[in-house]
Amino acid sequence: MSNKEFKLSEIAKKLDLSFEGDPNYKVNSIKNLKEAGKFDISFYYSKKFKKDLEETNAGIVLLEKNDDTNSIKNKLFSENVHLSYARLSQIFEPSNDYLPFIDESSVIHKSAKISSNCHIGPNCHIEKDVLVEEGVVIKSNVTIGSGTKIKKNTFINSNVSIYPNTFIGRDCILHSGSVIGSDGLGFAKNGKKWEKIAHSGHVEIGNSVEIGAGCTIDKASLGKTDIGDGVKLDNQIHLAHNCVIGENTLIGANTTVAGSVKIGKNCMIGGLCGIVDNIAITDEVIIYPMTFVTNSVEKKGTYSGGSVLMEHKDWLKKIVSERKKR
Amino acid sequence: MSNKEFKLSEIAKKLDLSFEGDPNYKVNSIKNLKEAGKFDISFYYSKKFKKDLEETNAGIVLLEKNDDTNSIKNKLFSENVHLSYARLSQIFEPSNDYLPFIDESSVIHKSAKISSNCHIGPNCHIEKDVLVEEGVVIKSNVTIGSGTKIKKNTFINSNVSIYPNTFIGRDCILHSGSVIGSDGLGFAKNGKKWEKIAHSGHVEIGNSVEIGAGCTIDKASLGKTDIGDGVKLDNQIHLAHNCVIGENTLIGANTTVAGSVKIGKNCMIGGLCGIVDNIAITDEVIIYPMTFVTNSVEKKGTYSGGSVLMEHKDWLKKIVSERKKR
Amino acid sequence: MSNKEFKLSEIAKKLDLSFEGDPNYKVNSIKNLKEAGKFDISFYYSKKFKKDLEETNAGIVLLEKNDDTNSIKNKLFSENVHLSYARLSQIFEPSNDYLPFIDESSVIHKSAKISSNCHIGPNCHIEKDVLVEEGVVIKSNVTIGSGTKIKKNTFINSNVSIYPNTFIGRDCILHSGSVIGSDGLGFAKNGKKWEKIAHSGHVEIGNSVEIGAGCTIDKASLGKTDIGDGVKLDNQIHLAHNCVIGENTLIGANTTVAGSVKIGKNCMIGGLCGIVDNIAITDEVIIYPMTFVTNSVEKKGTYSGGSVLMEHKDWLKKIVSERKKR
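Cut-offs applied
Residues numbered from 1 in each chain as written. Chains lettered and ligands numbered in written order. Predicted model: local features only at pLDDT ≥ 70, side-chain atom pairs only at ≥ 80, totals over all residues. Heavy atoms only, no water. Domains from an automatic or database assignment. Contact = heavy atoms within 4.5 Å. Buried area = accessible area lost by both parts, 1.4 Å probe. Salt bridge = Lys/Arg side-chain N within 4 Å of Asp/Glu carboxyl O. Polar contact = N/O pair within 3.5 Å; in protein donor to acceptor, adjacent residues only side chain to side chain. Helix = DSSP H or I, 4+ residues; strand = E, 2+ residues; numbered from the N terminus. Nonpolar A, V, L, I, M, F, W, Y, C, P; charged D, E, K, R; others polar. Pairing = 2+ DSSP bridges. Buried < 20%, exposed > 50% of the residue type's maximum accessible area, 1.4 Å probe, protein only.

Caption draft 1: Molecular detail of the domain arrangement of chain A. Domains assigned within chain A are domain 1 (6-92), domain 2 (99-159) and domain 3 (177-326). Each of domain 2 of chain A and domain 3 of chain A was reduced to a C-alpha centroid, and the two centroids are 30 Å apart.

So, in structure tokens, the structure goes:
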């Protein structure tokens, strides 16, 4: 239950949707059809939940006109229920109570410029020449390296580490444990030993980017690692030095992108994919999870590559057979 | 070497095992058969180490009655050596020296309720309405979000991030760098852009759960992400929003579980597996590492799917041949 | 642009290379051929960039004698351009400005021994009996567990967690969010429940080791997890309890190494590989990314195993066909 309450007519107005039923009917929470009760609003966007729709006790249901049913009294009609549900979830979200505030336990270099209405929680470290614009929230135990710029209304969760000279756009969300700007894996061989390539580049993150928990984005060796506007990263993604990720591309958890890879706009890359270095993936490409991408993808389309689940005894036969072939 | 010392007869009594040899023989440490000396206790549970058993200098050896050998003078007999070894490791473990204490550098909201015998290390942040029961240890640089409840004797290592409204049972261990309660990857498409689905759910963790280092467990979009009693997670595991993990299930490192997956009780899932969203895996399923699970597993059993290691030149032939087929 | 400036003759002397052109020509930054201007130095080591070489505006170019071209006036000649570039990047690297300093917000146990010229940033926690040698830099929000030893000139980035009794050599770099010394996944079955094996071992890290962001290295159950001199780990790598990694071995991002694996010297292991427990990989082995290593590798050479990228419609045919075979 959220701490908010809305009338059917208010929700319809906020979401710009038509409705049927009692305009003054009030709900205070969103729930799945199965769990919703009379003070809850719910939503229906997949035939999979047909039975739940028929049996729901939800006070209000958001659905497509085509799916209308007499068993529901109060309803909102949308042509894109999933999108309307996203907006509904936003209006019920508890208000951000991060008032302008700088916790005195945080250590902030005197040369850093922090806008007056930012919130900086306890035990942060903000190094020299950092610029933090208005409305930014930085939770606890965050380190912001020198020369970093953070544009307005960006939200940084606890235990995030940002290396020096990073640029982060406005309206971004960085989840806990993420690391932005670590050195790439850059070494040159000298006999059997490795000599380090110093990384003088940086990471640049566009506007409205969301970075999941435990991601690592390496800075460029030279120039920049470049994350476009509207990119959405799930958790534990690794982007190596000098990667370029195009606008609105979404990447699933644990995917590993090697150095200097260029991924286009509006792509959807599944989780646990491995993408080798120095290749390019064009715009609007969909790649299923666990795919090993070993060459550039020049044609828009849908790609896969993951292996197939089987009973272990069949797998053993398969690998014996594959080994015999060689 | 631990700072403890036990007689053969004491150990036999603590582990409820029979023994042979000098009841007053003392050891102060556990070591592998190969490295053990006369002040050490060791153990034998696999024929693989037969030679080490014959040549060991261990002062005491824990083994099965069937494996008894005259070359060892002091021994403990167990029908389950692995389990007895686990218990032996526990009695030699250095005492937890985390006395009741709250470090003054930690920032604790006045509404948080911390039981009197908890230990809270330096530079933590505990937000409003948090409840911490007796015997809980929270190491340094930990953030506990508002409304979170932590039951008794749970141990939270350094640099853990816990988002608001998380529930953590008793006797859990959370390793460093883990993140509990981050937002799931929930977005709705609006043209080419993504609109965020606000996550109003939470994470609920049962009793006696161990969560490895660098794991990320997302909160539910609605309702809860649910980790059952006795679940054991290795490092860097990702559990997406609304996952349900049954009692005593154990998951290997780096495995990625997508949204709304239900995994049954007493499963063993290997490392680096990818499990797609909205499927169910029944109880007592074993899945080998690096398996891509694309459909529900309804039958108890053992499953695989990983690809096979081969020499690179053979692999190149294989992929050329697979590409020709298409 | 760095804050340094060097003459052609100075660079030639520092890198021990021959040169041609104006010995007094000055540059202040390294850039790619394409982006370099007249105050920049650039480098050429792959035919792929032939066109960029012909068109570059770089003030100085580092290249092989064989690749010499009249269009460049000022040049440095190297027999190993990649290695010379690594060294060039080092001389242009901004100076480390971490002066000897201990931030008063850090909590340091009175028994810890910190050399006089170390730098310890804000909000760290250094437990009892820790030994930190000269020249060590520890950035913010780092936890160093009791009994840990850190040799000279090692650099530890923010939000690193080090468990008790870890040993870290000299000249190492640990990137943010990494966790060293967490418990391995060690449990014994008691009926359906798991009983914990207490981990009394530790992690030992050699000299000149670099550990990427978000790595997790578990301590040994008994004895040590052993990372050899000169090992280079990319980000988000997991090394389980009792692993042994030989000198100068380099491992790609997200690779998961299970318990008691022994990897030899001078190996190169790609990203997202899974290596099962209790196997050994000999010296000088190269393994391509996303390979599932299920058995020991006894012969030096190059290995692979990842699956092949294909269009999704072909992949669906393939999996149907593979399932029919069974």
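There's plenty left to go through after this.
Caption draft 2: Fine view of the interface of chain B and chain A. Facing 65 residues of chain B, the contacting portion of chain A comprises 65 residues. For the pair chain B and chain A, the summed buried area comes to about 5,300 Å², and 53% of that belongs to carbon and sulfur atoms. Looking at the side of chain B facing chain A, the largest losses of area belong to Trp 194, Leu 222 and Phe 292 of chain B, adding up to 14% of the total buried there. At the boundary of chain B with chain A, the tally comes to 5 salt bridges. Here Lys 192 of chain B ties to Glu 284 of chain A by a salt bridge, and the two come within 3.0 Å at their closest N and O atoms. Here chain B and chain A share 33 residue pairs in polar contact (both at pLDDT 80 or more) between them. When residues of the side of chain B that touches chain A are traced back to their parent elements, those giving at least two are strand S21 (179-182), strand S22 (187-190), strand S23 (193-196), strand S26 (216-218), strand S38 (292-293), strand S39 (301-304) and helix H4 (312-325) of chain B. For the side of chain B that touches chain A, a count of residues per class yields 28 nonpolar, 24 polar and 13 charged. Here strand S40 (residues 310-311) of chain A pairs with S39 of chain B via 2 bridges, running antiparallel. By the bridge assignment, Met 310 of chain A is partnered in S39 of chain B with Ser 304 of chain B.

Caption draft 3: Spatial organisation of the pattern of salt bridges. Taken as a whole, this structure holds 54 salt bridges over all chains when the rule is applied. With a shortest N-O distance of 2.9 Å, Lys 139 of chain C and Glu 127 of chain A are connected by a salt bridge. In this pair, Lys 139 of chain C sits in the loop between strand S14 (137-138) and strand S15 (143-144) while Glu 127 of chain A sits in the loop between strand S12 (125-126) and strand S13 (131-132), so the two residues belong to two different chains. Judged by its relative accessible area of 6%, Lys 139 of chain C is buried. Take Glu 127 of chain A: its relative accessible area is 10%, and that puts it in the buried class. The partner of Lys 196 of chain B in a salt bridge is Glu 210 of chain A, and the shortest N-O contact between them spans 2.9 Å. Of the two residues, Lys 196 of chain B sits in strand S23 while Glu 210 of chain A sits in strand S25 (residues 210-211), which places them in two different chains. The buried category is assigned to Glu 210 of chain A, whose relative accessible area is 4%. Through salt bridges with shared partners, a single ionic network connects Asp 183, Lys 196 and Lys 219 of chain A together with Glu 210 of chain C.

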